[in-house]
Amino acid sequence: MMSKVFKALTVAGSDSGGGAGIQADLKTFQELGVYGMSALTAVTAQNTLGVQGVYPLEAVAVAAQLDSVGTDLAPDAVKTGMLFSSGLIRVVADKVRQYGWTKLVVDPVMIAKGGSPLLQQEAVHALITSLLPLALVITPNIPEAEVLTGMTITSLAGREAAAKLIHTMGPQYVVLKGGHEEGTAHVTDLLYDGQAFAYLESPRIHTRHTHGTGCTYSAAVAAGFAKGQGIMEAVHTAKAFIQAAIEDSLNLGAGHGPTNHFAYQNRLRGVRP
């Protein structure tokens, strides 16, 4: 008898360079033993040097993709990435409610590694009011947390305050990542459940090959939820997955290269570069 096939849906933009977005999410799902499905919100032309073009889909096209999955394939978890506009955010929120997708991971993608905006300014309000109240967990980095809260974050205490404020916006859990904090030998991610903090620490790796880290991290959390894991197990696995992906670099491209989605499973098999 075949064991249950766990399924996860990513709602995000396409990255032609393969390091972030839909491509990173599906690679992560596959590596963690979860069947991946997708709904594209935008097509981007990008590589390790930057984003050369952003071409958002119409809301009706995004809604149709979500209906196709929702009426037939019933994802065990859903994650959102690049949503680009308030119209697309509202469509996604409507479909999340319609199909009762409670294991929702929101990665509030706003800016590409090279600095190109991936979320329109007017869409931040829609993200906060329409989508965050539906989220099981949100996974912002420090710049994204600053946009969500209006704060300037320069310390661990500042991140803790920001996580508390973001929690009041609706998500059950807040994972505020520490990769953008400067001058530290370790990266400390905060997990806040509305009552207490947990701290996940890893050595900082000095490398330019970090494109798609946020997408990959949140996809790994969604994969954990799809398999029935609780928040701590899902986040710890995601942390280990992205740490391996950064440490065992593929060294691709002349700019911000992608992380290594093979690394986590290779390590479990005893294979190291």
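Residues numbered from 1 in each chain as written. Predicted model: local features only at pLDDT ≥ 70, side-chain atom pairs only at ≥ 80, totals over all residues. Heavy atoms only, no water.

(A) The pairing of strand E4 (residues 77-80), seen in detail. Residues Ala-77 and Lys-79 of E4 are buried on one face, and the alternating residues Val-78 and Thr-80, pointing to the opposite face, are buried as well. Two elements, strand E1 (residues 7-15) and E4, share 4 bridges in a ladder whose sense is parallel. When the sheet's bridge partners are listed, Thr-10 is paired in E4 with Lys-79. Taking the sense of rotation as the criterion, the β-α-β connection linking E4, helix H3 (residues 86-99) and strand E5 (residues 104-106) turns out right-handed. (Buried < 20%, exposed > 50% of the residue type's maximum accessible area, 1.4 Å probe, protein only. Helix = DSSP H or I, 4+ residues; strand = E, 2+ residues; numbered from the N terminus. Pairing = 2+ DSSP bridges. Right-handed = clockwise from strand over helix to strand, strands pointing away.)

(B) Region of interest: helix H4 (residues 123-131). Within the sequence span of H4, burial applies to Ala-123, Val-124, Ala-126, Leu-127, Ser-130 and Leu-131. For H4, the buried positions fall inside an angular range of 160° around the axis, keeping them on one side. Next to the buried residues of H4 lie E4, H3, E5 and helix H5 (142-149). (Arc of directions from axis to C-beta. Contact = heavy atoms within 4.5 Å.)

(C) A nonpolar patch on the surface, seen in detail. On the surface, a cluster of nonpolar side chains totalling about 270 Å² of accessible area is made up of Leu-250, Leu-252 and Phe-262. You can see Phe-262 is positioned in the loop between helix H8 (231-247) and helix H9 (263-268). (Patch = residues over 30% accessible without salt bridge, like charges linked within 9 Å, V, L, I, M, F, W, Y side chains within 5 Å. Areas by Shrake-Rupley, 256 points an atom, 1.4 Å probe, with all protein chains shown as cover. Salt bridge = Lys/Arg side-chain N within 4 Å of Asp/Glu carboxyl O.)

(D) Geometry of empty space enclosed by the protein. According to the stated counting rule, one finds 2 cavities of 30 Å³ or more in the structure shown. Size it by volume and the second largest cavity reaches roughly 40 Å³. Gly-81, Leu-83, Phe-84, Ile-89, Asp-107, Pro-108, Val-109, Leu-119 and Leu-127 are the residues that line the second largest cavity. Looking at the lining of the second largest cavity residue by residue, the classes come out as 7 nonpolar, 1 polar and 1 charged. (1 Å grid on protein atoms, 1.4 Å probe; cavity = no way out; pocket = protein on both sides within 12 Å on 5 of 7 lines; lining within 4 Å. Points joined across faces, edges and corners; volume = space filled by probe spheres on them. Nonpolar A, V, L, I, M, F, W, Y, C, P; charged D, E, K, R; others polar.)

(E) Layout of the nonpolar core. By size, the foremost hydrophobic cluster in this structure holds 45 residues, and its most contacted members are Leu-9 and Leu-131. Element by element, the count of residues in this core is highest for H3, at 6 residues. Sequence-distant contacts of Leu-131, defined by excluding residues within four places in its chain, comprise Thr-80, Leu-83, Ile-89, Val-92, Ala-93, Leu-104, Val-106 and Ala-126. Counting 32 residues, the second-largest nonpolar core is a separate cluster that includes Ala-77, Leu-200, Phe-241 and Ile-246. (Core = buried A, V, L, I, M, F, W, Y, C linked by side-chain atoms within 4.5 Å.)

(F) Spotlight on the packing of aromatic side chains. On inspection of all chains with the given rule, the structure shows 4 aromatic pairs. Their ring planes at 20° and their centres at 5.2 Å tell us that Tyr-99 and Trp-101 sit as a pair that is stacked. Taking relative accessible area as the criterion, Tyr-99 reaches 21% and is therefore assigned partly exposed. Between Phe-241 and Tyr-264, the aromatic rings sit 5.4 Å apart at their centres with planes inclined by 45°, giving tilted as the arrangement. With Phe-241 in helix H8 and Tyr-264 in helix H9, this residue pair connects regions lying 23 residues apart in the sequence. For the pair Phe-241 and Tyr-264, a shared accessibility class is recorded, and that class is buried. (Phe/Tyr/Trp six-rings, centres within 6.5 Å; stacked < 30°, edge-to-face > 60°.)

(G) Region of the structure containing the sheet that holds strand E2 (residues 35-47). With mixed pairing, 9 strands are arranged side by side in an open sheet as E3-E2-E1-E4-E5-E6-E7-E8-E9. At either end of the open sheet lies a strand with only one pairing partner, and these are strand E3 (50-56) and strand E9 (197-203). Here 3 bridges tie E4 to E5, and the two strands are oriented parallel to one another. Counted as the bridge partner of Thr-80 is Val-106 from E5. Contacting strand E6 (137-138), strand E7 (173-176), strand E8 (186-192) and E9, H8 runs over the sheet at an angle of about 15° to E9. (Axes fitted to C-alpha atoms, helices over the stretch in contact; angles between N-to-C directions.)

(H) Representation of helix H1 (residues 21-31) within the structure. Taken as a whole, H1 has its buried residues at Gly-21, Ile-22, Ala-24, Asp-25, Thr-28, Phe-29 and Glu-31. In this structure, the buried residues of H1 make contact with E1, E2, E4, helix H7 (213-226), H8 and H9. In the segment just after H1, Gly-33 is the residue with positive phi, at about 80°.

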